[in-house]
Amino acid sequence: MTEGVQTSPAFKPRVFSGIQPSGGLTLGNYLGALKRFADSQNNGVESIFCMVDLHAITNVLNDAQALRHNTRELCAGFIASGVDPEKSILFNQSQVPGHAELGWIFNCVARMGWMQRMTQWKDKAGKNTQNASLGLFAYPALMAADILLYHATHVPVGEDQKQHVELTRDIALKFNHDFGVDFFPIPEPVIEGTATRVMSLRDGSKKMSKSDPSDASRINLTDDADAIASKIRKAKTDPDALPSEAEGLEGRPEARNLVNIYAALNDQTQAQVLSEVGGKQFSEFKPMLAELAVAKLSPISGEMSRLMQNPDEIDAILRRGAERAREIADPIMKRTLDIVGMVR
Ligand code: AQP
C-alpha cells in the first residue's frame, strides 16, 4: 500500500507499542513483544508502552474484574520482563482520553474498504460478522490513534500486526494529504528477530495466542516449571532428526517453531542453534528446550506474582505513566482538533 514512504526527518524517533490485557500473557507475547521492548530500551529512543484496555473490550465487555486483573498482570509482565517504568512510559490506554478522541477522528479518515481487508478482523469476527462488535471492526483505526497520538515513528510488533501498522501509515498519509499538512509521521513497523511469529505448540500453522481454546497450545508466562516442561514434551513434532541447515526446516513448521523459540530465548540465530543441535532427535532436543525455557521464564513468573501481591503499587506506576503520556499526547491532540476545525 504505502511501501517505500519514509518517515520525515522532522519527527524525532519515538517508539510506541501496545499489548491487550485480554488474558494471560503467552511466550508469543514475550518473545514477539516484551523481550524485544526490554532489549531495546537502552538505545536512547523514548519508548511508550501501553496496556490497550480499550482494545481488550472489543471482544469481551462483561467482566470488569477480569479486565482489572489482566491489566495489572500485564503491567507486572512488562516490568518482570525487564521494561523499566522509569526509562520507558508504561500506562493503560483508558487513562489518556486522546486515544478515544483521535480514534474517532480516524474512524472518519479510514475507509470501509480498508477495514474490511484486515485479516485480524476476518479471523476474529469469523463467519458471524453481524454479531461482532463495531469496536472490533474499528480496532485498527484506534490502533492508528494509539501510535499517532504520540507522533511515534517506530512500532515494534509481531508479524501479525504488520497489516495494522500499514493501515496506520495509510491513515496518516490521508489525513496529511486531505488537510494539506505534514503533521503525522509515517511510522515504520519494526519486525525483527527469530520469534516474530511464535506458533502454537499443537499446530505449527497457527499463531500461539492467548485466546486459543487449547491451553496446551501455548506457554503462559504464569505457567510453573512442570507445566512448561510438560507442554514442551507434548508439543507436536515430526519423526525426523533436526537438520543442521535452515533448508532442512522447509515443510517442517513444528520443528522450525521449536528451533526459533530456542534461538530467541537464548539470544542466538537460527543458524547457530541448528549448527549445535543438527542431527539430534526431538527426544534429546525437547528436554534442552524445556530446561532453557524454565531457566528464562521462571524468574519472570516469580517476579510477576511478587508484583501482583501489591496492586496499589502497579496502579501507581500506571497513573504516573499516564501523566507522562498525557504530557506528550495533549498538545498533539489539541493541534489535531485545530487542523480539523473544531471550535474550542
Ligand atoms: N504468537 C506470537 N508470536 C509473536 N508475537 C506475538 N504477539 C502476539 N502473539 C504473538 C505480539 O504481541 C503483541 C501484543 O499482542 P496482543 O495481545 O495485543 O494481540 P494479539 O496479537 O491478538 O495477541 P494474542 O495473544 O493472539 O491475543 P488474543 O488471543 O487476545 O487475540 C503484538 O506485538 C503481537 O504482534
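Scroll up to find the structure this text is about.
Residues numbered from 1 in each chain as written. Predicted model: local features only at pLDDT ≥ 70, side-chain atom pairs only at ≥ 80, totals over all residues. Heavy atoms only, no water.

Draft legend 1. How the structure looks around the pattern of salt bridges. Applying the stated criterion across every chain yields a total of 19 salt bridges. A salt bridge links D39 to K35; the shortest N-O distance between them is 3.2 Å. Placement of both D39 and K35 in helix α1 (residues 27-40) is noted, with a separation of four residues, approximately one turn of the helix. The exposed category is assigned to D39, whose relative accessible area is 52%. A salt bridge links K280 to E284; the shortest N-O distance between them is 3.3 Å. Members of the salt-bridge network, linked through shared partners, are D215, R218, D223 and K231. (Salt bridge = Lys/Arg side-chain N within 4 Å of Asp/Glu carboxyl O. Helix = DSSP H or I, 4+ residues; strand = E, 2+ residues; numbered from the N terminus. Buried < 20%, exposed > 50% of the residue type's maximum accessible area, 1.4 Å probe, protein only.)

Draft legend 2. A look at the packing of aromatic side chains. Counted under the stated rule, the structure contains 12 aromatic pairs. Look at Y262 and F285: their rings are 5.5 Å apart centre to centre, the planes differ by 45°, and that puts the pair in the tilted class. With a gap of 23 residues between them, Y262 in helix α10 (residues 253-265) and F285 in helix α12 (residues 282-308) connect regions that are remote in the sequence. Grouping aromatic residues by their ring pairs yields a cluster made of F106, F175, F179, F183 and F184. (Phe/Tyr/Trp six-rings, centres within 6.5 Å; stacked < 30°, edge-to-face > 60°.)

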